[in-house]
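# Descriptive structure summary
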Amino acid sequence: MKALRFLPWIIVSVLLIEFIPWCYHFIADRSEPKQFVMYSGIIEDFAIMDHTGDSPVYTDVKGRSYTEAEFDSILAPFYYRQLISEERLPDTLHGVPVSARFFQTENFTFRSSPSEINKPVVPLYFLLESMSGRVDLSMPDDVFRITSTGIEFVDMKSNSIKEKKSRTFTEAMKKKGFQFPAKVIAGNGTNRKDYDNGYLITDSEGALYNLKMQRGRPYFRKIETPAGLDILYMFVTEFRNQRWLGFIIDKDGCFYVLESGNYSIVKTGLPPVDPTETNISIMGNAFDWTVSYRNSQGVKRYAIDSQKYKKIREM
């Protein structure tokens, strides 16, 4: 009973331990300069909007100043809606015809944070139907897990194994040479997306596969990887242009793209990164990507071209 009298103080102490660091970071973050930085293929350099003061200041790395309207123009892929509203969107960019639909399809944003990478994972996953014939994706009534002997689908309502479905998918995976259990499993088990790319999975020997469900049947494909590629992290992408199946980071921190059409894995010109310690953000369009690495040491930004994935600039 005596211990119970101290319980409120213990709770308060625990809350303070959590709250004080939060307050510090909140105040510190507010005091840092606030900048929006994006690579501009038009000026072939990084454009900067600094809104630390009362009104935004628009410049580039070389110190050249811009009006707000000029800033919109040099970042046309990002501010295309503003340019359309003012009837200032050009007919072409870099020799390519552009429109609102073009940018809506080609623009994408990707983010990865250490908190997402490092959080505990419950090894149960939703496998959506990829070819339902419906516009909207539906959530399944089961989840799957991969054991040392196969893949198991568990009915969520009865908490029982779907034996037939599990056996069918396990056999399909074994026929493609999958060695159980799985090493890395990556996917987006949600219906809040335009389409479904399923899961990227590496087996116990590090071989890479793509798992989907199409009309209730397994789609399972082995993906050839470059010699020596040791995959550590994977991110399934489901952007509107459907150009990529995912992003890959290997044990050395090298960043790769996995293309959808031919399942090619291409190494980018980005420097190595550790996603367990670094926030990664990518703002991409049909011409280039602006990539930011943010960690305790600061922020580094890179521009790569969207076709060959070669580094153009860094900041």
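This text goes with the structure placed above it.
Summary of the structure given here. (Residues numbered from 1 in each chain as written. Predicted model: local features only at pLDDT ≥ 70, side-chain atom pairs only at ≥ 80, totals over all residues. Heavy atoms only, no water.)

## Description of the overall build of the protein chain
For clarity, the threshold we go by: Numbering of helices and strands starts at the N terminus; helices are DSSP runs of H or I of at least 4 residues and strands are runs of E of at least 2. Relative accessibility decides the category of a residue: with a 1.4 Å probe and only protein chains considered, values under 20% of the type maximum give buried, values over 50% give exposed, and everything between is partly exposed. Only the protein chains shown count as covering a residue, and every accessible area follows the Shrake-Rupley method with a 1.4 Å probe.
What the protein chain contains, in helices and strands, is 7 helices and 22 strands. Looking at the protein chain as a whole, 41% of its 315 residues are labelled buried. Carbon and sulfur atoms form 52% of the exposed surface of the protein chain, whose accessible area is close to 18,400 Å².

## A few points about the pairing of strand β20 (residues 288-295)
We count it as follows: Note on pairing: DSSP must find at least two bridges between two strands before they are called paired.
Burial of β20 is extensive: 6 of the 8 residues sit out of reach of the surface. The sheet contact formed by strand β19 (residues 279-284) and β20 spans 6 bridges and is antiparallel. Bridged to Gly284 within β20 is Trp289. What sits between β19 and β20 in their antiparallel hairpin is a turn of 3 residues. Here β20 pairs with strand β21 (residues 298-305) via 8 bridges, running antiparallel. Considered in β21, the bridge of Thr290 is made with Ala303.

## Digging into empty space enclosed by the protein
The condition is simple: In the cavity and pocket records, a cavity denotes points on a 1 Å grid over the protein atoms alone where a 1.4 Å probe fits but cannot get out, a pocket denotes an open set with protein on both sides within 12 Å along at least 5 of 7 lines, and lining residues are residues with an atom within 4 Å of a point. Grid points are joined across faces, edges and corners, and a volume is the space filled by probe spheres set on the points. Ten residues, namely Ala, Val, Leu, Ile, Met, Phe, Trp, Tyr, Cys and Pro, are considered nonpolar, four, namely Asp, Glu, Lys and Arg, are considered charged, and the remaining ones, Gly among them, are considered polar.
Evaluation of the coordinates by the stated rule reveals 1 cavity of 30 Å³ or more. Here the largest cavity defines a volume of roughly 60 Å³. Every residue along the wall of the largest cavity is listed here: Met38, Tyr39, Ser40, Gly41, Ile42, Ile74, Leu75, Pro77, Leu93, His94, Asn285 and Asp288. Among the residues forming the lining of the largest cavity, the class breakdown is 7 nonpolar, 4 polar and 1 charged.

## With respect to the nonpolar core
For the record, the criterion: Take the buried Ala, Val, Leu, Ile, Met, Phe, Trp, Tyr and Cys residues and link them wherever side-chain atoms come within 4.5 Å; each set so joined is a nonpolar core. When checking whether two residues touch, look at their non-hydrogen atoms; a contact exists if any pair is within 4.5 Å.
Ranked by internal contacts, the top residues of the largest apolar core, which has 19 residues, are Phe247, Ile282 and Trp289. Counting only elements with at least two residues in this core, the list comes to β7 (108-112), β16 (244-250), β17 (255-259), β19, β20 and β21. Setting aside residues up to four positions removed in sequence, Ile282 forms contacts with Phe108, Thr109, Phe110, Phe247, Phe255, Trp289, Thr290 and Val291.

## Some details on the pairing of strand β22 (residues 311-314)
Both β21 and β22 contribute to a ladder of 3 bridges, which runs antiparallel. In the strand pairing of β22, Ala303 is matched with Arg313. The antiparallel hairpin formed by β21 and β22 contains 5 residues in its connecting segment, where Tyr309 sits at a positive phi of about 65°.

## Some points on the pattern of salt bridges
The test is simple: A pairing counts as a salt bridge when a side-chain nitrogen of Lys or Arg comes within 4 Å of a carboxyl oxygen of Asp or Glu.
If you walk through the whole model with that rule in mind, you get 13 salt bridges. Glu86 is the partner of Arg88 in a salt bridge, and the nearest nitrogen-oxygen pair spans 2.7 Å. Measuring nitrogen to oxygen at the nearest pair gives 3.3 Å for the salt bridge that ties Asp194 to Arg240. In this pair, Asp194 is assigned in the loop between β11 (182-187) and β12 (199-203) and Arg240 in the loop between β15 (231-236) and β16, connecting sequence segments 46 residues apart. The network of salt bridges with common partners includes Asp141, Asp142, Lys162 and Lys165.

## So, the environment of Ile42
On the secondary structure map, Ile42 appears in the loop between β1 (35-40) and β2 (45-50). The sequence separation of Ile42 and Ser73 amounts to 31 residues, and the corresponding C-alpha distance is 8.6 Å. In contact with Ile42, other than residues within four places in its own chain, are Ser73, Ile74, Ala76, Leu93 and His94.

## Considerations on the sheet that holds strand β9 (residues 151-155)
Worth spelling out the cut-off: Axes here refer to lines fitted to C-alpha atoms; in helices the fit is confined to the stretch in contact. Angles between the N-to-C directions go from 0 to 180 degrees.
The 3 strands are arranged β8-β9-β10 in an open sheet whose pairing can be described as antiparallel. Each end of this open sheet is capped by a strand with a single partner; those strands are β8 (142-146) and β10 (160-161). Summarising the sheet, β9 and β10 pair through 2 bridges and their orientation is antiparallel. Within β10, the residue paired with Asp155 across the bridge is Ser160. Its contacts with the sheet place helix α7 (residues 163-175) against β8, β9 and β10, and it is angled at close to 160° to β9.

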